[in-house]
Amino acid sequence: MGARGELFTTQIFLDNRSYFFNVKENRTGDVFLQIVESKNRDGVEADRHQIAIFAEDMQKFLQGLEKSLDFVEKDRKQRQKVAREKKAEKEAKYGSGAKKVYRVKSDKGEKSEKRADDGIKRTGKVIHIVSKKDATKED
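Nothing here was measured: the structure is a model prediction, and the numbers come from that model. (Residues numbered from 1 in each chain as written. Predicted model: local features only at pLDDT ≥ 70, side-chain atom pairs only at ≥ 80, totals over all residues. Heavy atoms only, no water.)

Draft legend 1. Region of interest: the sheet that holds strand E3 (residues 31-41). Ordered in space as E1-E2-E3-E4, the 4 strands form an open sheet in which the pairing is antiparallel. In this open sheet, the two strands that pair with only one neighbour each are strand E1 (6-13) and strand E4 (44-54). On average, each strand axis in the sheet is inclined to that of its neighbour by 15°, with strand direction left out of account. Across 7 bridges, E1 lies against strand E2 (residues 17-25) in antiparallel orientation. Within the sheet, the bridge partner assigned to Thr9 lies in E2 and is Asn22. Sheet strands in contact with helix H1 (residues 58-94) are E3 and E4, and its direction is about 115° off that of E4. (Pairing = 2+ DSSP bridges. Helix = DSSP H or I, 4+ residues; strand = E, 2+ residues; numbered from the N terminus. Axes fitted to C-alpha atoms, helices over the stretch in contact; angles between N-to-C directions. Contact = heavy atoms within 4.5 Å.)

What follows is the structure, encoded as structure tokens:
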């Protein structure tokens, strides 16, 4: 038996958190799982939170964890499905986005012909789109 009744320990390190899964035995001989979360906070002492699950309750705990994981997986798949449907709907409405429109600049020496009023106000390098409401007000 290890320090403080530890029988087995494993660690998982994430970005700013560490998880420790410790199987321990208390003074009366009861075996339990201790889960410890340690979170670093900008060089200050780490926040530590822990829970203990006794051996007789581990199956129920595991069932609850599995149900939660199943829900998370189903929810993730549902969100992906909704995102794909929205993307397909957007592509159907506006096109696939593969078509690009480029403007060709004329030579500086040539004067461009007067263009028909197409609702686009061209001023130098920036193109301003004039809304239909603004165009009706001018009439």
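Draft legend 2. Here's a closer look at the pattern of salt bridges. According to the stated counting rule, one finds 3 salt bridges in the structure shown. A salt bridge links Arg76 to Glu73; the shortest N-O distance between them is 2.3 Å. One end of the pair is Arg76 and the other is Glu73, both in helix H1 and 3 residues apart, which spans about a single turn. For Arg79, the salt bridge is made with Asp75, and the minimal N-O distance between the two is 2.8 Å. Here Arg79 pairs with Asp75, and both are found in helix H1, just 4 residues apart, close to one helical turn. Taking the relative accessible area as the measure of exposure, Arg79 reaches 58% and is therefore exposed. The class of Asp75 is partly exposed, set by a relative accessible area of 28%. (Salt bridge = Lys/Arg side-chain N within 4 Å of Asp/Glu carboxyl O. Buried < 20%, exposed > 50% of the residue type's maximum accessible area, 1.4 Å probe, protein only.)

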